[in-house]
Amino acid sequence: MHQKKANKQPATIVTAADSNAAFPFELSNRINTNKITSWQTNGELKYSMRIPNFFGIEDLKVAIVQNITTDEDYGLPVRNTNLSFYNADSLLFTFDEEFLHDEKISVLQDPMQMADINGDGLLDIKLIFRHWGSGRLNLFTRVYYLFQTPDHTFDAFYVQYLMLNGSNDAEYDIDCDGNFEIVTMSYDLDCLIFRTFNYLDGKIVNVDEKFDYPLVSGIDFNGSEIQNIKPVQEVDVKELKPVEFIKMN
Ligand SMILES: [Ca+2]
Ligand SMILES: [Ca+2]
């Protein structure tokens, strides 16, 4: 029986004492991704890679092309980037600088990962672009999820959340149904906030209600690392900034 929750919904409060893991979802199945770093370079500003048989018998080809133009107002160089995905040699779509904050992209630093995130038997793609800032800014990460569709193209989404240094995995199968939950981390009201999302029927849907999320944890930051996790007061979920997955195609 579904019951409407009260407005002042206390989020689940996490403390480090709950388990040996820092957060409860870390006890769930963590996704096992293949990191893909085999970029071929064709000149300093062009990179490509081909993943054999990604779409059944067809290959996935990914290409990054950058070019330098001059800023009209200040005469400074501006790097423009296109990121394109192909089924074999047939172009599926291109992300341009509207979505790619060009100067932050480094194919050497930003691994592309491959896994069947939603458990439908079709491989999916995740691209991680870290913010090149200092301190807490280092945790801000732009992530692109490309879910393969049965007709061998993608449903592509963009989201921004926080990632700890050295961590690339945000997908856990909390309810063991084969569809990995995307667990986003954000920083709001001086707390770490964890939310859960699934790719379902071509959309990204929030599934916090299913898992009694969001999880809320108090933290101390030491530079860009979380130093300490401490209990917090109840948080009004309605006051939290939403985490938005933006459909890109
Ligand atoms: Ca899949
Ligand atoms: Ca699941």
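Counting restarts for each chain, with residues numbered from 1 along the sequence as it is written. As a convention, the first chain written is A and the first ligand written is 1, with the rest following in written order. Given that the model is predicted, a residue must reach a pLDDT of at least 70 before its local features are reported, and side-chain atom pairs must reach 80 or more before they are shown or counted; all residues, however, enter totals for whole chains, interfaces and linings.

### Here we look at the overall build of the chain
Heads up, the condition is: Strands here are runs of E lasting at least two residues and helices are runs of H or I lasting at least four, both read from the DSSP assignment and numbered beginning at the N terminus. What counts as a contact here is a pair of residues whose C-beta atoms, placed from the backbone, lie within 7 Å.
Helix and strand counts for the chain come out as one helix and 19 strands. Taking all contacts inside the chain whose residues are at least 6 apart in sequence as the whole, residues at least 24 apart take part in 47%.

### Quick notes on the nonpolar core
Our working rule: As used here, a nonpolar core is made of buried Ala, Val, Leu, Ile, Met, Phe, Trp, Tyr and Cys residues. They are joined through C-beta atoms within 7 Å. Neighbour counting defines burial: a residue surrounded by 20 or more other C-beta atoms within 10 Å of its own C-beta is buried, one with 12 or fewer is exposed, and intermediate counts give partly exposed, using backbone-placed C-beta atoms. Note that the domain bounds reflect an automated or database-derived domain assignment.
Counting residues in each nonpolar core, the largest one holds 39 residues, and the members touching the most others are Y144, Y145, L146, F147, V183 and F194. Secondary structure elements with two or more residues in this core: β6 (58–70), β10 (124–130), β11 (140–148), β12 (154–162), β14 (181–188), β15 (191–200) and β17 (215–222). Both domains that meet at this core, namely domain 1 (1–36 + 111–240) and domain 2 (38–103), each give it at least three residues. Residues in contact with Y145, not counting those within four places in the same chain, are D124, K126 and F157.

### Observations concerning the sheet that holds strand β9 (residues 112–115)
What counts here: Each pair of strands is called paired provided DSSP finds at least two bridges between the two strands.
Taken in spatial order, the six strands of this open sheet run β3-β9-β10-β11-β12-β19, and their pairing is antiparallel. Among the strands making up the open sheet, the edge pair consists of β3 (34–36) and β19 (246–247). Summarising the sheet, β12 and β19 pair through two bridges and their orientation is antiparallel. Looking at β19, one finds that F157 is bridged to K247.

### Side note on the environment of L91
Tracing the backbone through its elements, the reader meets L91 in strand β8 (residues 90–95). Its 11 C-beta neighbours within 10 Å are what place L91 among the exposed residues.

### Quick notes on the sheet that holds β6
The strands making up a sheet are joined through hydrogen bonds of the backbone, oriented either antiparallel or parallel. Read across the sheet, five strands follow the order β4-β5-β6-β7-β8 without closing on themselves; strand pairing throughout is antiparallel. Single-partner strands in this sheet number two, and they are β4 (40–41) and β8. When β6 meets strand β7 (residues 77–87), the two strands line up antiparallel, connected through 11 bridges. Within β7, the residue paired with T70 across the bridge is P77.

### Some words on the environment of N32
Here N32 is to be found in the loop between β2 (29–30) and β3. With 11 C-beta atoms counted inside 10 Å, the residue N32 sits in the exposed group. For the pair formed by N32 and A115, sequence separation is 83 residues and the distance between their alpha carbons is 6.9 Å.

### Here we look at the pairing of β14
Bridge count between strand β13 (residues 171–173) and β14: two bridges; the pairing is antiparallel. Its bridge partner being in β14, Y172 is matched across the sheet by E181. Where β14 meets β15, seven bridges bridge the pair, whose relative direction is antiparallel. By the bridge assignment for β15, M185 is matched with F194. Adjacent in sequence and paired antiparallel, β14 and β15 are bridged by two residues, among which L189 carries a positive phi angle near 50°.

### Focus: the pairing of β9
Note that β3 and β9 share three bridges and pair antiparallel. Directly across from N34, in β9, lies its bridge partner M114. Pairing geometry for β9 and β10, over four bridges, is antiparallel. From the neighbouring strand, M112 faces β10, where its bridge partner is L127.

### Quick look at unusual backbone geometry
With an omega dihedral of 5°, the bond running from Y213 to P214 counts as a cis peptide bond. Although it is not a glycine, N53 sits at a positive phi angle of roughly 60°. Along the polypeptide, N53 turns up in strand β5 (residues 46–55). In this model, A88 sits at a positive phi of 55°, which is unusual for a non-glycine residue. For A88, a count of 13 C-beta atoms within 10 Å translates into the label partly exposed.

### Concerning the confidence of the model for the chain
Worth spelling out the cut-off: The predictor attaches a confidence to each residue, and that confidence, scored 0 to 100, is pLDDT.
When the pLDDT values of the chain are averaged, the result is 81; 75% of them are 70 or greater. Within the chain, strand β16 (residues 203–206) carries the highest mean pLDDT (97), whereas strand β1 (residues 12–13) carries the lowest (50). Ignoring residues within four places in sequence, the model shows residues 1–11, a span with pLDDT below 50, making nine contacts including any to other chains. Here residues 15–19 is modelled with pLDDT under 50, and outside its nearest four sequence neighbours on either side it reaches eight contacts, counting other chains as well.

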